[in-house]
Amino acid sequence: MVERVLATPAALELIDTLRERHGPLFFHQSGGCCDGSAPMCFMDGEFKPGGQDVRLGEIGGCPFYMGAAQFAYWEHTQLIIDVVPGRGASFSLEAPEGVRFLTRSRLFTDAELDELRRDGSMGGDMAKSA
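Parameters and conventions
Residues numbered from 1 in each chain as written. Predicted model: local features only at pLDDT ≥ 70, side-chain atom pairs only at ≥ 80, totals over all residues. Heavy atoms only, no water. Salt bridge = Lys/Arg side-chain N within 4 Å of Asp/Glu carboxyl O. Buried < 20%, exposed > 50% of the residue type's maximum accessible area, 1.4 Å probe, protein only. Helix = DSSP H or I, 4+ residues; strand = E, 2+ residues; numbered from the N terminus. Pairing = 2+ DSSP bridges. Axes fitted to C-alpha atoms, helices over the stretch in contact; angles between N-to-C directions. Contact = heavy atoms within 4.5 Å.

(A) Structural view of the pattern of salt bridges. Throughout the structure, instances matching the rule amount to 6 salt bridges. One salt bridge in this structure joins Arg55 and Glu58, with 2.7 Å as the shortest N-O distance. According to the relative accessible area criterion, Arg55 is partly exposed, its value standing at 26%. Where Asp82 meets Arg104, a salt bridge forms, and the shortest distance between an N and an O atom there is 2.9 Å. Of the two residues, Asp82 sits in strand S6 (residues 77-85) while Arg104 sits in strand S7 (residues 99-107), which places them 22 residues apart along the sequence. Taking relative accessible area as the criterion, Asp82 reaches 13% and is therefore assigned buried.

As structure tokens, then:
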């Protein structure tokens, strides 16, 4: 099955480290407010998805969401969450580590898009309002 969001080994290692320190985690792809368009990592419950957020899947066992308006632009791409040196100007949990999460992407192939359509997940999964 095609996944909408993946994580590199470096990102998965950082997720494990952050989870050991902070407990369950949650990701939301920022829409550009404070830190450009960056994946933001929060402690579970610190950020609640709303009715206009789309669940793209999980990385490292953590749910990953994006706002519906932003998803409309990204729905044809697979997000690949990576880690790079440097500190983003964010509220994300990795900021004190001297690294930051970064979103890379690639376009889905026609076959992958067909699979998403057949699956009924072309539009993502809308979050339930909390």
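(B) Layout of the sheet that holds strand S1 (residues 5-7). Reading across from one edge, S1-S6-S7 is the order of the 3 strands in this open sheet, with mixed pairing throughout. Of all strands in the sheet, those bounded by a partner on one side alone are S1 and S7. Mean inter-strand twist for the sheet, computed between neighbouring axes without regard to direction, equals 30°. Along the sheet, helix H1 (residues 9-22) contacts S1, S6 and S7; its crossing angle with S6, the most-contacted strand, is approximately 70°.

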